[in-house]
Amino acid sequence: MGNTSLSRRGFLAASAATGVGAAALSACGSSDSGNSSGKTTIEWWNITTTEPAKKLWAQRAKEFEAAHPDVKIKIVTLENEAYKSKMTAQTASGKLPDIYHTWGGGVLEQQIDAGLVEDLTDQVSSWTDTYVPAALAAYRFDSRTYAVPFDIGAVGFWYNKALFKQAGIDTPPTTWSGYLDAVTSLKSAGITPIALAGKEKWPGMYYWAYLSMRIAGLEAMHKAATDADFTGDGFVKAGQHLKDLVALQPFQKGYLGAGYSTPTGEAAAMGNGKAAMELMGQWAPVVEKDAGKGLGKDLGFFSFPAVEGGKGALTEVFGGGGGHAVRKGAPKAAVEFLKFFGEKEFAGKLVKETGLIPVSKDARGALTDPNLTAVSDALNAATGFQLYLDQAYAPAVGQEINDSVAALIAGSKSPQQVTRSVTQVAKSEKS
């Protein structure tokens, strides 16, 4: 999945589990950011390992250096898992890079609470005022901004228009009851309604997360994490609604053992026209084409339906992206580089050449792909935003949600047992 999977995956490692000692890493984040040439050195850690983005980012650093002869940008590019391990160790040692990649959410909040992150609110407000509010949401705590996004995405239903038409479904459903009716119609037409990578767990988590959003509401999801208590009625109902969906037997044959991007997995089932829908992020069209044939103009996108009587809204979005944070006490040039990196012309180039969804409304004109435009439209219209749960919550809590929801889908856990298991882990993280 390239960098798309990186934006989905949170900072899942815990300090005690890494085995990577801070002493084994190069020192960074020191108060002395100069070098022998008298230049200020800014150390920038990122996970952009694929082309053309890697080349573009390096070029941007060179352009900044040309405009600021007294500054040197030292780029450290790491593969996702190596980055997570090293950043865990750096965080534990209290030494962060001057600029570093962040997914926001729980790990960034922990770094903020430790006093390691620069409050960027007043320094970036004048040039992030055109940013999509959903793009900033993962990096804001107590109305303060601690990172600047460069990438944003959202999860929704990707569907096969031809199969919907074959089943007599004229328009995508906007309510949960309408969604279940669509599933029934597809099955009656001999069509597999949904592709699911049951083996990998996180795709199934999307259903429970969205149903929790739609039923309990965003405020309740935040409160559950704060109170370490997910046993509320809204979360139990989310599990029950998911159980109702599973009871319709909507998934492809062998879904419990299916991978996501494998030749016989979820994306291939969609890309080869063997299933009518999948609940997935903005990277889905690319992976469907890589794993299968791709659907071309038959591929459409719609938001996760509203649940009747729920506290959430159809316009509240579940997703995530990538941003840059700055260590506390970093040279002023670090923030200046973030502003330079986010300028409209370069942002447009990233959109055109790398497929990123623009975080700034000023760069939307560079977006031409109809699939990404559909996701961007949903993000621009969003009235609320929920970060991926394995990023928004403590890593162990996110993992337990993945595991417990997978067990619910497999039939080995009840909706109540899911909420109790997640609560137990959440409380242990608080103690």
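An account of the accompanying structure is given in this report. Predicted, not measured: the structure shown is a model, and the values here were computed from it.

This part is about the overall build of the protein chain. For the protein chain, the count of helices and strands is 20 helices and 11 strands. In summary, the protein chain has a C-alpha radius of gyration of 22 Å against a globular reference of 22 Å for 431 residues, a match within 12%. For the protein chain, the spread of C-alpha atoms along the three principal axes comes to 75 × 50 × 35 Å. Across the 431 residues that make up the protein chain, the buried fraction comes to 55%.

Bringing the environment of Ser 303 into the picture now. Tracing the backbone through its elements, the reader meets Ser 303 in the loop between strand E9 (299–302) and strand E10 (316–326). C-alpha of Ser 303 to C-alpha of Gly 156: the two residues are 147 residues apart in sequence and 5.0 Å apart in space. Here Ser 303 is in contact with Leu 314 and Ala 378, once residues within four sequence places are set aside.

On to the nonpolar core. Within the largest apolar cluster, 121 residues are counted, with the highest numbers of intra-cluster contacts made by Tyr 179, Tyr 206, Tyr 207, Trp 208, Leu 242, Met 277 and Phe 318. No other element matches helix H10 (residues 202–215), which puts 10 residues into this core. If we skip the residues at most four places from it in the chain, Phe 318 touches Ala 154, Val 155, Met 205, Tyr 206, Ala 209, Tyr 210, Met 213, Gln 386, Leu 387, Tyr 388 and Leu 389. Among the nonpolar cores identified, the runner-up in size contains 20 residues, and Tyr 139, Tyr 146, Ala 325 and Leu 387 belong to it.

This part takes up the packing of aromatic side chains. One pass over the full model with this rule turns up 33 aromatic pairs. With 6.4 Å between their ring centres and 55° between their planes, Phe 141 and Tyr 146 make a pair best called tilted. Here Phe 141 and Tyr 146 have matching classes, each one buried. Ring plane angle 55° and centroid distance 6.4 Å describe the contact between Phe 164 and Phe 302, whose orientation is recorded as tilted. Within this pair, whereas Phe 164 is found in helix H8 (residues 161–166), its partner Phe 302 is found in strand E9, the two being separated by 138 residues in sequence. We note that Phe 164, like Phe 302, is buried. The side chain of Arg 60 reaches across the aromatic face of Phe 340, ending 3.7 Å from its centre.

Remark: a regular strand shows side chains that alternate across the two faces of the sheet. The side-chain alternation of strand E11 (residues 384–387) yields two buried faces, one formed by Gly 384 and Gln 386 and the other by Phe 385 and Leu 387. Examined bridge by bridge, E10 and E11 share 4 bridges and lie parallel to one another. Bridge assignment links Gly 319 to a residue of E11, and that residue is Leu 387.

An order of E8-E7-E9 is seen for the 3 strands of this open sheet, with the pairing classed as antiparallel. Looking at which strands have only one partner, the edges of the open sheet turn out to be strand E8 (277–280) and E9. Going across the sheet, the axis of each strand differs from the next one's by a mean of 25°, ignoring polarity. Sheet topology places strand E7 (residues 156–160) next to E8; 4 bridges connect them, and they run antiparallel. Each bridged residue has a counterpart across the sheet, and for Trp 158 the counterpart in E8 is Glu 278. Strand contacts of H10: E7 and E8, with the helix running at about 80° to E8, the strand carrying the most contacts.

A few words on the environment of Gly 398. Topologically, Gly 398 is positioned in helix H19 (residues 395–410). When near neighbours in sequence (up to four residues on either side) are disregarded, Gly 398 contacts Leu 389 and Asp 390.

Following both chains from N to C, one finds helix H3 (residues 53–67) and helix H15 (residues 332–341) inclined at 120°, their axes separated by 11 Å at the closest point. One way to sum up the angle between H3 and H15 is to call them oblique. The two elements H3 and H15 cross, and the hand of that crossing is right-handed. Here Trp 57, Arg 60, Ala 61, Glu 63 and Phe 64 of H3 come into contact with H15, specifically with Ala 333, Glu 336, Phe 337, Phe 340 and Phe 341. Taken together, the residues of the contact of H3 with H15 sort by class into 7 nonpolar, no polar and 3 charged.

A few words now on the pattern of salt bridges. Applying the stated criterion to the full structure yields 13 salt bridges. Measuring nitrogen to oxygen at the nearest pair gives 2.8 Å for the salt bridge that ties Arg 60 to Glu 63. One end of the pair, Arg 60, and the other, Glu 63, are both in helix H3, 3 residues apart, so they sit about a helical turn from each other. According to the relative accessible area criterion, Glu 63 is partly exposed, its value standing at 35%. Three or more residues are tied together by salt bridges with common partners; here these are Arg 60, Glu 63 and Glu 343.

Mapping Val 326 onto the fold places it in strand E10. In this structure, the C-alpha to C-alpha distance between Val 326 and Phe 141, residues 185 residues apart in sequence, is 15 Å. Each residue touching Val 326, except ones within four places of it in the same chain, is listed here: Asp 98, Ile 99, Tyr 100, Leu 116, Val 117, Glu 118, Leu 120, Tyr 146, Ala 334, Val 335 and Leu 338.

Cut-offs applied
Residues numbered from 1 in each chain as written. Predicted model: local features only at pLDDT ≥ 70, side-chain atom pairs only at ≥ 80, totals over all residues. Heavy atoms only, no water. Helix = DSSP H or I, 4+ residues; strand = E, 2+ residues; numbered from the N terminus. Rg over C-alpha atoms; globule rule 2.2 N^0.38 Å. Buried < 20%, exposed > 50% of the residue type's maximum accessible area, 1.4 Å probe, protein only. Contact = heavy atoms within 4.5 Å. Core = buried A, V, L, I, M, F, W, Y, C linked by side-chain atoms within 4.5 Å. Phe/Tyr/Trp six-rings, centres within 6.5 Å; stacked < 30°, edge-to-face > 60°. Lys NZ or Arg CZ within 6 Å of the ring centre and 35° of its normal. Pairing = 2+ DSSP bridges. Axes fitted to C-alpha atoms, helices over the stretch in contact; angles between N-to-C directions. Parallel < 35°, antiparallel > 145°, perpendicular 65-115°, else oblique. Left-handed = near helix turned anticlockwise from the far one by under 90°. Nonpolar A, V, L, I, M, F, W, Y, C, P; charged D, E, K, R; others polar. Salt bridge = Lys/Arg side-chain N within 4 Å of Asp/Glu carboxyl O.

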